[in-house]
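What follows is the residue order along each chain.
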Amino acid sequence: MASVSAHVAASLSPHIRHVFGVMGNGNAHLLDAIERGGDVTFTAMRHEAGGVVAADAHYRAGGGLAAATATYGAGFTNTLTALAEAAQARVPLVLVVGDEPTSGPRPWDVDQIALASAVGARTYTVGRADAAATAAIAIEHALSFSVPVVLAIPYDVGSRDAGPIPSPIATAAAGPLHPASAFAAATVGEIAAALAAAQRPLLLAGRGAWLAGAGDALGRLADATGALTVTTALGRGLFPRTEYDLGVAGGFGADGAMELVRQADVAVVFGASLNQFTMRFGELFAPGSTIVQVDTAPAATHPHVGRFLRADAAVAAEAILAEVVATATAQIASPRGWRESVDVAAAHRRASGDDRAPDGRLDPRSAAIRIAELLPDDRVVVSDGGHFIGWANMYWPVASPERMIMIGTAYQSIGLGFPSVPGAALARPESTVVLTSGDGGGLMALSDLESAVRVARGRGLAVIWNDRAYGAEIHLYGVQGLAPEPMLIPEVDFAGLARAVGAEAVVVRTLDDLDVLARWRYQPVAERPFLLLDLRISADVRAPYQEEILRINTPAARRS
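Below is a short write-up of the structure. (Residues numbered from 1 in each chain as written. Predicted model: local features only at pLDDT ≥ 70, side-chain atom pairs only at ≥ 80, totals over all residues. Heavy atoms only, no water.)

1. Considerations on empty space enclosed by the protein
In the structure shown here, the tally under the stated rule is 2 cavities of 30 Å³ or more. Of the volumes computed, that of the second largest cavity is approximately 40 Å³. Lining the second largest cavity are G219, A222, D223, T229, F239, P240, R241, Y244 and R339. Per element, the largest residue contribution to the lining of the second largest cavity is 3 residues, and it comes from helix 10 (residues 215-225). By residue class, the composition of the lining of the second largest cavity is 4 nonpolar, 2 polar and 3 charged. (1 Å grid on protein atoms, 1.4 Å probe; cavity = no way out; pocket = protein on both sides within 12 Å on 5 of 7 lines; lining within 4 Å. Points joined across faces, edges and corners; volume = space filled by probe spheres on them. Helix = DSSP H or I, 4+ residues; strand = E, 2+ residues; numbered from the N terminus. Nonpolar A, V, L, I, M, F, W, Y, C, P; charged D, E, K, R; others polar.)

2. What to know about the sheet that holds strand 10 (residues 266-270)
Pairing in this open sheet of 6 strands is parallel, and the strands run 9-8-7-10-11-12 from one edge to the other. This sheet does not close on itself; its edge strands, each paired only once, are strand 9 (245-248) and strand 12 (307-310). Shown here is a sheet whose adjacent strand axes are inclined to one another by a mean of 15 degrees, direction ignored. Summarising the sheet, strand 11 (residues 290-295) and strand 12 pair through 4 bridges and their orientation is parallel. Pairing of D295 across the sheet is with R310, part of strand 12. Seen against the sheet, helix 10 touches strand 7 (201-205), strand 8 (228-231) and strand 10 and runs at an angle of roughly 170 degrees to strand 7. (Pairing = 2+ DSSP bridges. Axes fitted to C-alpha atoms, helices over the stretch in contact; angles between N-to-C directions. Contact = heavy atoms within 4.5 Å.)

3. Re the side chain of R106
Following the sequence through the fold, R106 ends up in the loop between strand 4 (93-99) and helix 6 (112-118). Under the relative-accessibility criterion, R106 is labelled buried at 16%. Only 2.8 Å separates the side chain of R106 from the side chain of D109, close enough to count as a polar contact. Filtering out sequence-adjacent residues up to four positions away, R106 remains in contact with Y72, D99, E100, P101 and Y155. (Buried < 20%, exposed > 50% of the residue type's maximum accessible area, 1.4 Å probe, protein only. Polar contact = N/O pair within 3.5 Å; in protein donor to acceptor, adjacent residues only side chain to side chain.)

4. Some remarks on the packing of helix 1 (residues 4-12) against helix 7 (residues 131-145)
Between helix 1 and helix 7, the shortest axis-to-axis distance is 8 Å and the interhelical angle comes to 35 degrees. Crossing angle aside, the handedness with which helix 1 passes helix 7 is right-handed. Each of V4, H7, V8, S11 and L12 in helix 1 lies in contact with helix 7, whose residues at this interface are A131, A132, A135 and I139. Residue composition of the contact of helix 1 with helix 7, grouped by class: 7 nonpolar, 2 polar and no charged. (Left-handed = near helix turned anticlockwise from the far one by under 90°.)

5. Quick look at the environment of A316
Here A316 is to be found in helix 12 (residues 313-326). You can call A316 buried: its relative accessible area is 0%. As a C-alpha pair, A316 and F252 span 64 residues in sequence and 27 Å in three-dimensional space. Not counting chain neighbours up to four residues away, the residues in contact with A316 comprise F270, V294, L309 and A311.

Put into structure tokens, the structure is as follows:
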């Protein structure tokens, strides 16, 4: 006979290959069943939040359904920030946790169902007679709605005999959303006609387009209409024709590229939520331009959208392309030549910075450029949150969207960087995983520095932008005259901390110090350790995207 926990593990095993977390009283029997089952690998993290983050990163890097586990009470509450991030980012994730016994709460128990609901996650609680079925329902919910769920095992239930393990219950996610109604079909025709008639057409795509597999169809649509292309930060690398791609829309974009975006007379947006940062706080497009959004959301997600089509990005792109090709108007009106007439390469130019900033510390722009020259080509970049996020997003290209993983930005949190590394490393074992983090977030996530070094080993690299401050606060509130002391951090020796857990680490004060990365890159992977670069950068150099935030949030800037 098998326990309730064994039934849960058996239900999970057809859907996952890795589970991340921390062992405790509430999940001990589950982890025993996972280890004995042999089909799923458990990776121990050092903080419960790190377990959810690692699972999240594993999914975003292409590893399939995310799975994490924690114990009850304090173990569960430790996961909440990471769980909120997964909910905001629409990550299909199953978090298996212990919970209070059926006899009632103990002094250390909390209302976990209410807490999970508060951050956007539904809870499914297993019983002795329905453990496998309940687990299957939770898995299908996560996959169908692309959201995290909590699968709770009451403390006095997990080890109980549940009988023979049943055959796996088939689960299925919902299929793509088609523009099937007559109204939707008419909207497809209107979008095609608008693109065909446009003088300066533009296609913008986000992570939703990538998840839908729309890259090829969107590339063909861009070619058919002569459109320039641009992506969100999480859609980088989606379009196949890089010579006509303007990069990332919003504050991470180059000024010249954003000027071209603003010239578009028709812009069609696929699978992007159009948040305030992508939209440059409403300034991305010029007044009078036609903005169309294609998304699975129930309605348009920005007031500047004039026409909305609810549909899967790939299905919609194919339908619009078919209309463009089929109509006589499109056949006569070949692409207008806008994209061939502009200098896209020049539009991508950015400030190169100096070797050193005026305060004598490294200029982060020149450091970012030099690191980009030295990084392995086959790389996945994982990013913590903080002021520094501009440097990697602006200066480090990636080959496709699942290679730029920004965990924390959806929920506006920091401190989730180091635990992102193990998840991405196990999802992409052939690639180098590059963490970009600040000193504030790096200290917050320090418990899983060891996890990153242990799991990624020679395929792991961390870049810590160490400016002795909470940079976003310095650049937003320091300029307003608020007392700087709460924004400052004593200079921390991250290199020393990394060496203590087995990494190679270097304090980088000059660009020449980055030669260690060149040597490390060409070492055999099996012979090199995890590498951490402790970049002593200036806090005086403000990332361009922060200028937009400052303009919106500072009264004097708004008046000007």
